[in-house]
Amino acid sequence: MAIDTSDFKNGMHMYLDGEVYTIVEFQHVKPGKGGAFVRTRLKKAKTGATLERTFRSGERFEPAFVEKRKMQYVYRQGDELVLMDLDTYEQEPVKESAFGDGAKYLKEDMEVICLVADSDVLGYEIPSFVELEIAETDPGYKGDTVSGSTKPAKLETGAMVNVPFHLSVGDVIKVDTRTDTYLERVKK
């Protein structure tokens, strides 16, 4: 059962050159002259690398059936992270590098998603938004309320983000893990 370019949807998985890719975005283009084509931005499931590719309209591809298994981050053991499958309760060590930059946001008991295709682990997804406590930052002084000004803050997991001047140690903030940016203060 093959799919063609008219079946494309954001988030769809497919095989391209023997690797599993996820469609991040696509655009059908019908120029005034010549045949229609589809411009896409794809993300390689294993490495997270993005790729821009153009396909002729009607080109066919093999769909990839990707299973999403819920797992829980339990603890860190050297350069490995121990995850527990929430269905079988089996624990398995995973190299920290499998999470890429997202590993710096992992907090004990946090739920992560394991992507599996053909019994081959493609990678791991952490939540897009996390709530973490500020562990270290410069103190905020009265009058430090200039709009748009930020200071670096170290979070409880060791991640560094820029936060507004009025935040201090102990504040819990919401962070976008995809862009490494502060969103809002959750509680003081």
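These lines cover the structure that appears in this document, whether it is placed above or below. None of these values were measured; they are calculated from a predicted model.

Let's talk about the overall build of the chain
Helix and strand content of the chain: 0 helices and 16 strands. Computed over the C-alpha atoms, the radius of gyration of the chain is 21 Å, more than 25% above the 16 Å expected from 2.2 N^0.38 for a compact globule of 188 residues. Expressed as lengths along the three principal axes of its C-alpha atoms, the size of the chain is roughly 65 × 50 × 25 Å. A total of 188 residues make up the chain; the buried ones form 35% of that total. Nonlocal contacts in the chain, meaning residues at least 24 apart in sequence, comprise 43% of its contacts between residues at least 6 apart. Counting every atom, the chain has about 11,300 Å² of accessible surface; 47% of that belongs to carbon and sulfur. Averaging the coordinates of the 26 positive side-chain charges in the chain and doing the same for the 33 negative ones gives two points 7 Å apart.

Overview of the sheet that holds strand β2 (residues 13–16)
An order of β1-β6-β2-β3-β4-β5 is seen for the 6 strands of this open sheet, with the pairing classed as antiparallel. A single partner strand is all that each edge strand has here, and the edge strands are β1 (3–4) and β5 (50–56).

Side note on the sheet that holds strand β11 (residues 120–125)
The antiparallel open sheet is built from 5 strands, whose spatial order is β9-β8-β7-β10-β11. Only two strands of the sheet have a single neighbouring strand rather than two, namely β9 (91–95) and β11. Each strand axis lies, on average, 40° off the axis of its neighbour in the sheet, ignoring direction. Of the strand pairs in this sheet, strand β10 (residues 111–117) and β11 are connected by 5 bridges, and their pairing is antiparallel. Its bridge partner being in β11, C114 is matched across the sheet by Y124.

With respect to the packing of aromatic side chains
Centre distance and the angle of the planes are the two values used to describe a pair of aromatic rings. According to the stated counting rule, one finds 5 aromatic pairs in the structure shown. When the centroid spacing of 5.8 Å and the interplanar angle of 35° are considered together, the rings of F8 and F61 count as tilted. Residue F8 is located in the loop between β1 and β2, and its partner F61 is located in strand β6 (residues 60–63); the two are separated by 53 residues in the primary sequence. Grouping residues by exposure puts F8 and F61 together as buried. Plain terms: the ring middles of F99 and Y124 are 4.9 Å apart, the flat faces sit at 25° to each other, and that makes the pair stacked. Placement of F99 in the loop between β9 and β10 and of Y124 in strand β11 is noted, with a sequence separation of 25 residues between them. What makes Y124 buried here is its relative accessible area of 14%. Pairwise contacts between aromatic rings join F8, F26, F55 and F61 into one cluster. Here K174 stacks its cationic end above the ring of F129, 5.4 Å away from the centre of that ring.

A word on the pairing of strand β8 (residues 80–85)
Most of β8 is tucked away, with 5 of its 6 residues classed as buried. Note: strand β7 (residues 67–77) against β8, 6 bridges, orientation antiparallel. By the bridge assignment, Q77 is partnered in β8 with E80. Linking β7 back to β8 in an antiparallel pair, the connection comprises 2 residues, with G78 at a positive phi of about 65°. Two elements, β8 and β9, share 5 bridges in a ladder whose sense is antiparallel. Looking at the pairing, L83 lines up with E92 of β9.

The rules behind these values
Residues numbered from 1 in each chain as written. Predicted model: local features only at pLDDT ≥ 70, side-chain atom pairs only at ≥ 80, totals over all residues. Heavy atoms only, no water. Helix = DSSP H or I, 4+ residues; strand = E, 2+ residues; numbered from the N terminus. Rg over C-alpha atoms; globule rule 2.2 N^0.38 Å. Buried < 20%, exposed > 50% of the residue type's maximum accessible area, 1.4 Å probe, protein only. Contact = heavy atoms within 4.5 Å. Areas by Shrake-Rupley, 256 points an atom, 1.4 Å probe, with all protein chains shown as cover. Lys, Arg positive; Asp, Glu negative; His and termini not counted. Charge placed at Lys NZ, Arg CZ, Asp CG, Glu CD. Pairing = 2+ DSSP bridges. Axes fitted to C-alpha atoms, helices over the stretch in contact; angles between N-to-C directions. Phe/Tyr/Trp six-rings, centres within 6.5 Å; stacked < 30°, edge-to-face > 60°. Lys NZ or Arg CZ within 6 Å of the ring centre and 35° of its normal.

Fair warning: the whole summary comes from geometry, so function is off the table for now.
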